[in-house]
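Listed below are the residues making up each chain.
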Amino acid sequence: MRIDRMRSWLLAIMMLLLGFDPSQSVQAKSKFVAIQGKDLVRPDGSKLFIVGTNLGNWLNPEGYMFGFSKTNCEWMINDMVCQIAGPDFAREFWEVFRENYITEEDIRFIRSTGANTIRLPFNYKLFTAEDYMGLNDPQAGFRMIDRVMEWCRRAGLYVILDMHDCPGGQTGDNIDNGHGYPWLFESETSQKLFCDIWQRIAKRYRNEPVILGYEPMNEPIAPYFDNKDQINVELEPLYKRVVQAIRKVDRNHIVLLGGAQWNSNFEPFKDWSFDDKIMYTCHRYGGGTDKAAFQSFIDFRDKTGLPMYMGEIGHNTDEWQAAVVKTLIDNNIGYTFWPYKKIDSSCMMGITRPENWDSVIVKFSEADRSTFKAIREARPDQALARKSLMQYTENAKKTNCKPQEGYIKSIGLTIQQPTQK
């Protein structure tokens, strides 16, 4: 008996030395979505075909979803609001924006349409002391995600965590809230922070079955750079590094890897056997709707023998979207359309423009603000500006938004009609 006990202790010590966490046992792993060839399977063994939407603009504000064109990322929007009404008001605006834009009511609505998954984009700064959306709290991101996890658990939705904005910037365009170049790939400091944050996230959520998987970075390496092929070479090694960081604390969850140049170029990937829980994710806006238009994604999926998932698609006519959905379904590529909510339309929930939005807020966002003199001359009436901005946060509530029925139907979902008494 004593020998058996000693063997058990020795085995436990060896497992810990090798990085095995006893809490991630076979029994624990059975709770999670898994990869089975080119398919995803639920814990009960049934196939999971991803259908859903993206909670874009909530934790990664983008100017066009406010109706802006020049002021097109969070730091630019924040600067603009500070210039209109001051930094204290800007913090208040962001606080109300975060509370109203996505609520449990939104999550319940998404589930009611037949969706089974949401993709949650976020900025890395929510896990640091850097200023972001009026915050500088390293725990802020966890509080937001914890809340979404609980809402989705009650609704019955899976969640994909998407670091849309990485340290240093991974795209070199406005969508990463960076500074016009994918500095992440040239900075050891940014890469270390990138891996450290993902390890913290994975450690916290390693036993959370609501999470389908982790998407380390969104749309790496924009196509605009002459040296993009050189940067592309750095993509797979960085993915391996971040996966290794995640695996030190979490062996349960899938990691989703996006291609270069807007998640469209998979040529940089040469090794898909370095981890047994990875899959790939593509994006597409515009182009053809038949199988040929998606052939490169299908071919890569077939070559790797791993699932392929369309993480972003949309901003087109209802007819185009419906045709694309049919092609994706026919070719076993799950999807989440972009986005769930924005100003006007081309989404599941349209936000109505507040009074004076175009004449006050949009006008100032487009004005020359390159000098303090220019800011003073362009600044609108502060009372009107504050009223319009706060009305936007009110209009963004689910109860005040307009469901886009044609759009929802075109992406393979439905609006439940009230039961007649």
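Before reading on, note that the structure itself is shown above.
Residues numbered from 1 in each chain as written. Predicted model: local features only at pLDDT ≥ 70, side-chain atom pairs only at ≥ 80, totals over all residues. Heavy atoms only, no water.

Caption draft 1: Region of the structure containing the overall build of the protein. Secondary structure assignment for the protein yields 16 helices and 14 strands. Split into buried and exposed, the 421 residues of the protein put 55% on the buried side. Of all intrachain contacts in the protein linking residues separated by at least 6 positions in sequence, the fraction that spans at least 24 positions is 74%. Each charge class in the protein can be summarised by its mean position, and for the 52 positive and 54 negative side chains these summaries are 5 Å apart. (Helix = DSSP H or I, 4+ residues; strand = E, 2+ residues; numbered from the N terminus. Buried < 20%, exposed > 50% of the residue type's maximum accessible area, 1.4 Å probe, protein only. Contact = heavy atoms within 4.5 Å. Lys, Arg positive; Asp, Glu negative; His and termini not counted. Charge placed at Lys NZ, Arg CZ, Asp CG, Glu CD.)

Caption draft 2: Just the sheet that holds strand 10 (residues 308–313), in detail. The 8 strands are arranged 4-5-6-7-8-9-10-11 in a closed barrel whose pairing can be described as parallel. This sheet shows a mean twist of 30° between the axes of neighbouring strands, independent of strand direction. With 3 bridges joining them, strand 4 (residues 51–54) and strand 5 (residues 117–123) adopt parallel strand pairing. Counted as the bridge partner of N54 is R119 from strand 5. (Pairing = 2+ DSSP bridges. Axes fitted to C-alpha atoms, helices over the stretch in contact; angles between N-to-C directions.)

Caption draft 3: Geometry of the packing of aromatic side chains. By the definition in use, this model includes 30 aromatic pairs. Ring plane angle 15° and centroid distance 6.0 Å describe the contact between F68 and W357, whose orientation is recorded as stacked. Taken together, the positions of F68 in the loop between strand 4 and helix 3 (74–85) and W357 in helix 13 (residues 357–366) put the pair 289 residues apart, joining distant regions of the chain. Comparing F68 with W357 shows no difference in burial state: the two are buried. (Phe/Tyr/Trp six-rings, centres within 6.5 Å; stacked < 30°, edge-to-face > 60°.)

Caption draft 4: A look at the side chain of S365. Considering the arrangement of structural elements, one finds S365 in helix 13. In this structure the side chain of S365 is engaged in a polar contact, spanning 3.3 Å, whose partner is the side chain of E366. In this structure, S365 is in contact with F68, K70, T71 and M80, ignoring residues within four places of it in sequence. (Polar contact = N/O pair within 3.5 Å; in protein donor to acceptor, adjacent residues only side chain to side chain.)

Caption draft 5: Looking closely at the pattern of salt bridges. Enumeration over the complete set of coordinates arrives at 26 salt bridges. With a closest N to O distance of 2.5 Å, E150 and R153 form a salt bridge. Of the two residues, E150 and R153 are both situated in helix 6 (residues 140–155); the distance of 3 residues between them amounts to about one turn of the helix. Take E150: its relative accessible area is 32%, and that puts it in the partly exposed class. Because the salt bridges share partners, they merge into one network encompassing E104, R108, E150, R153, R154 and E208. (Salt bridge = Lys/Arg side-chain N within 4 Å of Asp/Glu carboxyl O.)

Caption draft 6: View of helix 6. Over its 16 residues, helix 6 runs 23 Å from end to end, which matches the ideal 22 Å to within 8%, given 1.5 Å per residue. All of the buried residues in helix 6 are A140, G141, F142, M144, I145, V148, M149, W151, C152 and A155. Looking at the buried positions of helix 6, the neighbouring elements they touch are helix 4 (87–101), helix 5 (104–112), strand 5, strand 6 (158–165), helix 7 (188–205) and strand 7 (211–215). Where helix 6 ends, the next residue or the one after it, G156, has phi of about 90°, a positive value. (Expected span 1.5 Å × (residues − 1).)

Caption draft 7: Quick look at the state of the cysteines. Under the criterion given, the structure shown has 0 disulfides. Its sulfur unpaired, C166 is 10 Å from the next cysteine sulfur, which belongs to C195. Residue classification places C166 among the buried residues on the basis of a relative accessible area of 1%. Classification of C195 as buried rests on a relative accessible area of 6%. (Disulfide = S-S within 2.5 Å.)

Caption draft 8: Molecular detail of the packing of helix 6 against helix 7. Two elements in contact, helix 6 and helix 7, have axes whose closest approach is 12 Å; the angle formed by their N-to-C orientations is 35°. For the element pair helix 6 and helix 7, the recorded crossing hand is right-handed. Contacts between helix 6 and helix 7 involve F142, I145, D146 and M149 from the first element and R200, I201, R204 and Y205 from the second. Residues belonging to the contact of helix 6 with helix 7 are distributed by class as follows: 5 nonpolar, no polar and 3 charged. (Left-handed = near helix turned anticlockwise from the far one by under 90°. Nonpolar A, V, L, I, M, F, W, Y, C, P; charged D, E, K, R; others polar.)

Caption draft 9: Representation of the nonpolar core within the structure. Counting 116 residues, the largest nonpolar core has W58, L161, F194, W198 and I201 as the members making the most contacts within it. Judged by nonpolar contacts, the second largest core, of 11 residues, contains V33, L212, I254 and Y309. (Core = buried A, V, L, I, M, F, W, Y, C linked by side-chain atoms within 4.5 Å.)

Caption draft 10: View of the side chain of S410. Tracing the backbone shows S410 in helix 16 (residues 405–410). A polar contact of 2.8 Å, which involves the side chain of S410, links it to the side chain of Q321. Ignoring any residue separated from it by four or fewer positions in sequence, one finds S410 in contact with D318, Q321, A322 and V325.

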